[in-house]
Amino acid sequence: MPFTVKALQKTGPEQPFRVTTIERRDPRPDDVVIDIRAAGICHSDIHTIRNEWGEASFPLTVGHEIAGVVSAVGADVTDWKVGDRAGVGCLVNSCGSCEECRADQEQNCLEGNVGTYNARDVDGTVTQGGYAEQVVVNERFVCRIPDELAFDAAAPLLCAGITTYSPLRRWGAGETVDGRAKRVAVLGLGGLGHMGVQIAAAMGAEVTVLSRTLKKEQDALALGATRVLATTEEDFFRDHRGEFDLILNTISASIPVDRYLGLLAPRGVMAVVGLPPEQQPVGFGSLIGGAKVLAGSNIGGIAETQEMLDFCAEHGLAAKVEVIGVHEADAAYDRVVAGDVHFRAVIDTATFADAAAE
């Protein structure tokens, strides 16, 4: 039978969050039910629920950084049991049979994957995300959270972790160039960037953080960067031209992309994971000169997400979080947009217990 759980929901982009109840589907034979312990707040949640990426389907519960414990499994589930530590990221289904799905690239499903929220599920309903007490997910889209990772620190890895790990791995951040470590620049030190710094450094890269000011220098160095450069300094783009092999661009706002491409060495790569609402103009000359690559990257497949979680556990990496209660979500959104969260806000879902549902 379907069941209800407490959740945070908005009825429109200008409305505050409210604690209410939402319905979870009757678990199918291949489903896993997870009691959510922690739910990260991603900037994608904010873009979606504020209609910055198009019209969202309201009422809506967002959240695709989910960590918790398995509380029930369907009759056909063999890889999961009650009590297992489990996580869910940005996807909850895909066709499973197309070329991309067979290659463990479910995020690129040719038939269209199903997002954890604001997506049309296989039964025609709109998916509701992880700002809730429980979630029901197809077993193929559940990842195992290693014991070494606390739930609150692990939750953001299901989006911020894989979003940065995947392009760093794809473009060889851990490789050497002429016998030296790759020079990787992480553009922006926020929820995504702070994971990118940690992961790139653990891979063996020489990591530089590019930020508007040196305000976060000590944070960046503590995360594994070797230096921080202020992009607003006079002659910054001239002084550091051709310096980096790989730039991980985590910025979700308009920037002069052509100028940043100038910071790449020949055959260098800028991997873009931040998605600003505005169109970004790029001159082809910035790419042709030096045979550079401008690449996009969108999370990763489920197998790679598990690989990332295991990598983080092995290297002692985790998101740096501020834990909040359910009634602090609206304020947290404003703080995320203002760049005031250090570095990821995570909802403690235990606080639903003391919150009355409307």
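Quantities reported herein were computed from a predicted structural model and do not represent experimental measurements.

Enquirer: How would you explain the overall build of the protein chain if you had to name every residue and give the values?
Expert: Tallying secondary structure elements over the protein chain gives eleven helices and 19 strands in all. The C-alpha radius of gyration of the protein chain comes to 20 Å, within 12% of the 21 Å expected for a compact globule of 358 residues. For the C-alpha atoms alone, the extent of the protein chain along its principal axes is close to 65 × 40 × 35 Å. Here the protein chain, with 358 residues, has 54% of them falling under the buried criterion. Accessible area of the protein chain: about 15300 Å², with a carbon and sulfur share of 47%. Charge-centre separation for the protein chain: the mean point of 31 positive side chains lies 4 Å from the mean point of 50 negative side chains.

Enquirer: Lay out the nonpolar core in plain terms, naming residues and giving numbers.
Expert: Buried together is how nonpolar side chains tend to be arranged in soluble globular proteins. Leu 149, Leu 168, Val 184, Val 197 and Ile 199 are the most contacted members of the largest nonpolar core, which has 71 residues in total. With six residues, helix α10 (residues 302-315) is the largest single contributor of residues to this core. Residue assignment places this core across two domains, with domain 1 (3-159 + 300-354) and domain 2 (162-296) each supplying three or more. Residues in contact with Leu 149, not counting those within four places in the same chain, are Arg 85, Ala 154, Leu 157, Leu 309, Ala 313, Leu 317 and Ala 318. Counting residues in each nonpolar core, the second largest holds 23 residues, with Val 19, Ala 329, Ala 332 and Ile 347 among its members.

Enquirer: Any details on the domain arrangement of the protein chain? Residues and values, ideally.
Expert: When the domains of the protein chain are assigned, the result is domain 1 (3-159 + 300-354) and domain 2 (162-296). Residue-level contacts link 22 residues of domain 1 with 21 residues of domain 2. Surface buried jointly by domain 1 and domain 2 totals about 1900 Å² across both partners, of which 62% is contributed by carbon and sulfur atoms. Where domain 1 touches domain 2, the interface holds two salt bridges.

Enquirer: Account for the UniProt feature "domain: Enoyl reductase (ER)" (unreviewed entry) in the protein chain, naming residues and giving values.
Expert: The positions UniProt marks with the feature "domain: Enoyl reductase (ER)" (unreviewed entry) are residues 12-347. The straight-line gap between the two end C-alpha atoms of residues 12-347 is 21 Å; of that span, 24% is helix and 26% is strand.

Enquirer: How would you explain the side chain of Thr 305 if you had to name every residue and give the values?
Expert: Mapped onto the elements, Thr 305 comes out in helix α10. Thr 305 sits in the buried class, given a relative accessible area of 5%.

Enquirer: Please provide a residue-by-residue account of the pattern of salt bridges, values included.
Expert: Scanning all chains against the criterion turns up 17 salt bridges. Asp 334 is the salt-bridge partner of Arg 50, the closest N and O atoms lying 3.0 Å from each other. Within this pair, whereas Arg 50 is found in the loop between α1 (43-49) and β4 (66-73), its partner Asp 334 is found in helix α11 (residues 329-337), the two being separated by 284 residues in sequence. For Arg 50, a relative accessible area of 29% translates into the label partly exposed. Here the salt bridges share partners, and the residues they tie into one network are Arg 25, Asp 31 and Asp 121.

Enquirer: Residue-level account of α11, with values.
Expert: Of all the residues in α11, the buried ones are Ala 329, Ala 332, Tyr 333 and Val 336. All buried residues of α11 lie within an arc of 105° about the axis, which places them on one face of the element. For α11, the secondary structure elements touched by its buried residues are β1 (3-9), α1, β18 (321-324) and β19 (344-348). Positive phi appears at Gly 339, one or two residues downstream of α11, with a value of about 70°.

Enquirer: Describe the packing of helix α5 (residues 193-203) against α10, listing the residues and the values that go with them.
Expert: Axis separation between α5 and α10 bottoms out at 11 Å; the angle between their running directions is 75°. Classed by the angle they form, the pair α5 and α10 counts as roughly perpendicular. Within the contact between the two elements, α5 uses Met 195, Ile 199, Ala 202 and Met 203 and α10 uses Phe 311, Cys 312 and His 315. Residue composition of the contact of α5 with α10, by class: six nonpolar, one polar and no charged.

Enquirer: With reference to specific residues and values, describe the pairing of β18.
Expert: With four bridges connecting them, β18 and β19 associate as parallel partners. Its bridge partner lying in β19, Glu 322 is registered against Ala 345. Between β18 and its parallel partner β19, the chain crosses via α11, and the hand of that crossover is right-handed.

Enquirer: Help me get a handle on unusual backbone geometry, residues and values and all.
Expert: For the peptide bond that leads from Phe 58 to Pro 59, omega is 0°, which places it in the cis range. Take Pro 59: it is sitting in the loop between α1 and β4. With an omega dihedral of -5°, the bond running from His 342 to Phe 343 counts as a cis peptide bond. Positive phi, normally seen in glycine, also occurs at Asn 118, with a value near 60°. Positionally, Asn 118 belongs in the loop between β7 (114-115) and β8 (134-138). Looking at Asn 118, the relative accessible area reads 27%, which means it is partly exposed. Even without being glycine, Ile 299 reaches a positive phi, approximately 45°.

Enquirer: Talk me through the packing of helix α4 (residues 160-170) against α5; I want residue IDs and the actual numbers.
Expert: Running from N to C, α4 and α5 point in directions that differ by 40°, and their axes come no closer than 9 Å. Put simply, α4 runs oblique to α5. Once α4 is placed against α5, the crossing between them reads as right-handed. Note on element contacts: α5 touches α4 through Met 195, Gly 196, Ile 199, Ala 200 and Met 203, opposite Ala 160, Gly 161, Thr 164, Tyr 165, Leu 168 and Arg 169. Partitioned by chemical class, the residues of the contact of α4 with α5 number seven nonpolar, three polar and one charged.

Procedures and definitions
Residues numbered from 1 in each chain as written. Predicted model: local features only at pLDDT ≥ 70, side-chain atom pairs only at ≥ 80, totals over all residues. Heavy atoms only, no water. Helix = DSSP H or I, 4+ residues; strand = E, 2+ residues; numbered from the N terminus. Rg over C-alpha atoms; globule rule 2.2 N^0.38 Å. Buried < 20%, exposed > 50% of the residue type's maximum accessible area, 1.4 Å probe, protein only. Areas by Shrake-Rupley, 256 points an atom, 1.4 Å probe, with all protein chains shown as cover. Lys, Arg positive; Asp, Glu negative; His and termini not counted. Charge placed at Lys NZ, Arg CZ, Asp CG, Glu CD. Core = buried A, V, L, I, M, F, W, Y, C linked by side-chain atoms within 4.5 Å. Domains from an automatic or database assignment. Contact = heavy atoms within 4.5 Å. Buried area = accessible area lost by both parts, 1.4 Å probe. Salt bridge = Lys/Arg side-chain N within 4 Å of Asp/Glu carboxyl O. UniProt positions renumbered as here; feature names shortened; annotations may be inferred. Arc of directions from axis to C-beta. Axes fitted to C-alpha atoms, helices over the stretch in contact; angles between N-to-C directions. Parallel < 35°, antiparallel > 145°, perpendicular 65-115°, else oblique. Nonpolar A, V, L, I, M, F, W, Y, C, P; charged D, E, K, R; others polar. Pairing = 2+ DSSP bridges. Right-handed = clockwise from strand over helix to strand, strands pointing away. Left-handed = near helix turned anticlockwise from the far one by under 90°.

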